[in-house]
Amino acid sequence: MDGRVRGLRLKGSAAWLALAVVLLGGAGCRAVREGVGLADVRPKSLRDVPAGRLAFRFEPDVAEEALPEQLKKDETEEPLASVRADFEGRRGNTEALLRTVVDPTGQRALALYGTSESDKDFRIDLYSVDGLFIRNILPPDLTGVFPAEVAWSPDGQHILFAGVRNPALTAKPTPRESAPAPPDLTQQPAAPAPEGQPTPEGTPTPTAPIIPSTQTFTTEQVYVGNRDGFELRPLTSREGLIYFKLRWSPDGQAVAALACKEEEYDARLREGRMTAGRPRLVMLDGQERLLDDRLTEVPPVFSPDASKVATAFDYEVAIYDAFATEPTAGAASVAEQLRTASVAYDERLFKKPAQSNAAAPAPAPAPAAGSEVLASLNPFIRLEWTAPETIYGQTAFVHFYSNDPLPTVKYLRWHALRVSPQAVLLGG
């Protein structure tokens, strides 16, 4: 009887039978996928995908209106007005304010300034954003280099810069009596006692800043300190190497940099070429990892989730795992795509047919005289990883001429590299 009832129900419910077959089939497929280890074929984010398993799609010549806002134009950076006013009113002509770097909380600023003793390096002082001097940061025998790379960590708890030994420089000036006592910038210091009267009991007598010494080197190394300007220490200590193009990871746990030998650095400057180094990853505990043994001019950049680092070698974009226990690397060579796009670009630029039979691009930034080349075909000079699956790369011609302290830059072009997981094939 039960069999007859079931038979009648199935006969009268063909639609339900079809649905049951679909559901059972779906469950079976899911079981097969799990059985062969494919339950995680589609990762939740690119963080879960090793760099060696990434796929790339290149899109040349991205229109300016399609670029992220931060890439559309580079605005001129102006020093903080309150800090500039303090320099103009109190420091005279011997100290020139070069740059101010405001922390992410908007409370403090690093003031970078040159002195009469040096026209290449700089000192660093800590200010409140309303222009009150707090303290000198560098000890007398340490000076900063590469001012554009001085930065606060993303959480505002550390400062980062490259420094080198320079015994000729001395720390100054002495803090004003009205300087706030960090870290609490909301509390105003007590007014000093009138001249000739004793300092009230419990009010500290103003003294010169205490700048603890730290290890210094004859070549440029990476330094960090805390937000109060203390605990200054070198992250790197490889005498003979120059570290530059520093960048914090988004989580503030590491620094990406380029490094090269001193003679390599000087040789490229003499040749009128951009400086180049080998990409490295430096942890806050001082551990260091060489990412690639090739020289590159392109500063390394982190992915938004800090799991990967990217740089470029001429016409190739390379990506490395940042914190994996067994790191991998992947690369996308776009030389041919760039060459094809440059044919059309030159035609638009010069209003005449380009030399479409040009050979594949050579690694040298500047084309050799007399050779058949495309004027706009140049290697990468900059990367920006603006979104998890999008890296923007800029190509350009850059050269330093002996009669001009600034480089000649031509044919700036932005391109996009779309990043995704590689397709997974079922197999034994």
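Quantities reported herein were computed from a predicted structural model and do not represent experimental measurements.

**Considerations on the sheet that holds strand β11 (residues 241-248)**
Strands pair in a sheet through their backbones, by hydrogen bonds, and they do so in one of two ways: parallel or antiparallel. Strands sit in the order β11-β12-β13-β14 across an open sheet of 4 strands; the sheet is antiparallel. This sheet does not close on itself; its edge strands, each paired only once, are β11 and β14 (288-290). When the angles between neighbouring strand axes are averaged without regard to direction, this sheet yields 30 degrees. Note that β11 and strand β12 (residues 254-261) share 6 bridges and pair antiparallel. Paired with L241 across the strands is K261, a residue of β12. Of the strands in this sheet, β11, β12 and β13 (278-283) touch helix α5 (residues 262-270), which is tilted by about 75 degrees from β12.

**Things to note about the pattern of salt bridges**
Two side chains carrying opposite charge are able to pair once their charged atoms lie near each other. Taken as a whole, this structure holds 21 salt bridges when the rule is applied. R294 is paired through a salt bridge with D292; the nearest N and O atoms lie 3.1 Å apart. Note on R294: relative accessible area 35%, which makes it partly exposed. D292 gets classed as buried once you look at its relative accessible area, which sits at 15%. A single salt-bridge network, built from bridges that share partners, covers R57, E59 and R418.

**Quick notes on a negative patch on the surface**
Taken together, the side chains of E239, E262, E263 and D266 define an acidic patch exposed on the protein surface. Mapped onto the elements of the fold, D266 is located in helix α5.

**A short note on the pairing of strand β8 (residues 158-165)**
Among the 8 residues that make up β8, 6 are buried, leaving the element largely enclosed by the rest of the structure. Taken together, the 4 bridges between strand β6 (residues 142-145) and β8 define a ladder with antiparallel strand orientation. Residue pairing across strands places T143 opposite V164, the latter belonging to β8. Inspection of the sheet shows strand β7 (residues 151-152) paired to β8 by 2 bridges, in the antiparallel sense.

**Quick word on unusual backbone geometry**
Leaving glycine out, the prevailing phi sign among residues is negative, and the prevailing peptide bond configuration is trans. A positive phi angle, near 60 degrees, is found at F146, a position not held by glycine. Counting through the fold element by element, F146 comes out in the loop between β6 and β7. Positive phi is not limited to glycine here, since E231 has a value of about 55 degrees. For E231, the position within the fold is in the loop between β9 (221-226) and β10 (233-234). According to the relative accessible area criterion, E231 is exposed, its value standing at 63%.

**What about helix α6 (residues 335-350)?**
The terminal C-alpha atoms of α6, which comprises 16 residues, lie 22 Å apart, in line with the 22 Å expected from a rise of 1.5 Å per residue. Looking at the buried residues of α6, the elements they touch are β1 (54-59), β18 (329-333), β19 (380-387), β20 (390-399) and β21 (408-421). Among the residues trailing α6, K351 stands out with phi positive, at a value near 60 degrees.

**Some thoughts on the sheet that holds β18**
Sheet architecture is open: 4 strands sit in the order β15-β16-β17-β18, paired in antiparallel fashion. Either end of the sheet is taken by a strand with one partner, and the two such strands are β15 (301-302) and β18. Here 5 bridges tie strand β17 (residues 316-321) to β18, and the two strands are oriented antiparallel to one another. In the strand pairing of β18, A318 is matched with A331.

**What about the side chain of T236?**
Structurally, T236 can be placed in the loop between β10 and β11. At 2.8 Å, the side chain of T236 and the side chain of Q221 are in polar contact. Of note is the side chain of T236, whose polar atom sits 2.9 Å from the backbone nitrogen of V222. With residues up to four places along the chain from it excluded, the contact list for T236 reads F217, Q221, V222, Y243, V282 and E288.

Conventions adopted
- Residues numbered from 1 in each chain as written.
- Predicted model: local features only at pLDDT ≥ 70, side-chain atom pairs only at ≥ 80, totals over all residues.
- Heavy atoms only, no water.
- Pairing = 2+ DSSP bridges.
- Helix = DSSP H or I, 4+ residues; strand = E, 2+ residues; numbered from the N terminus.
- Axes fitted to C-alpha atoms, helices over the stretch in contact; angles between N-to-C directions.
- Contact = heavy atoms within 4.5 Å.
- Salt bridge = Lys/Arg side-chain N within 4 Å of Asp/Glu carboxyl O.
- Buried < 20%, exposed > 50% of the residue type's maximum accessible area, 1.4 Å probe, protein only.
- Patch = residues over 30% accessible without salt bridge, like charges linked within 9 Å, V, L, I, M, F, W, Y side chains within 5 Å.
- Areas by Shrake-Rupley, 256 points an atom, 1.4 Å probe, with all protein chains shown as cover.
- Lys, Arg positive; Asp, Glu negative; His and termini not counted.
- Charge placed at Lys NZ, Arg CZ, Asp CG, Glu CD.
- Expected span 1.5 Å × (residues − 1).
- Polar contact = N/O pair within 3.5 Å; in protein donor to acceptor, adjacent residues only side chain to side chain.

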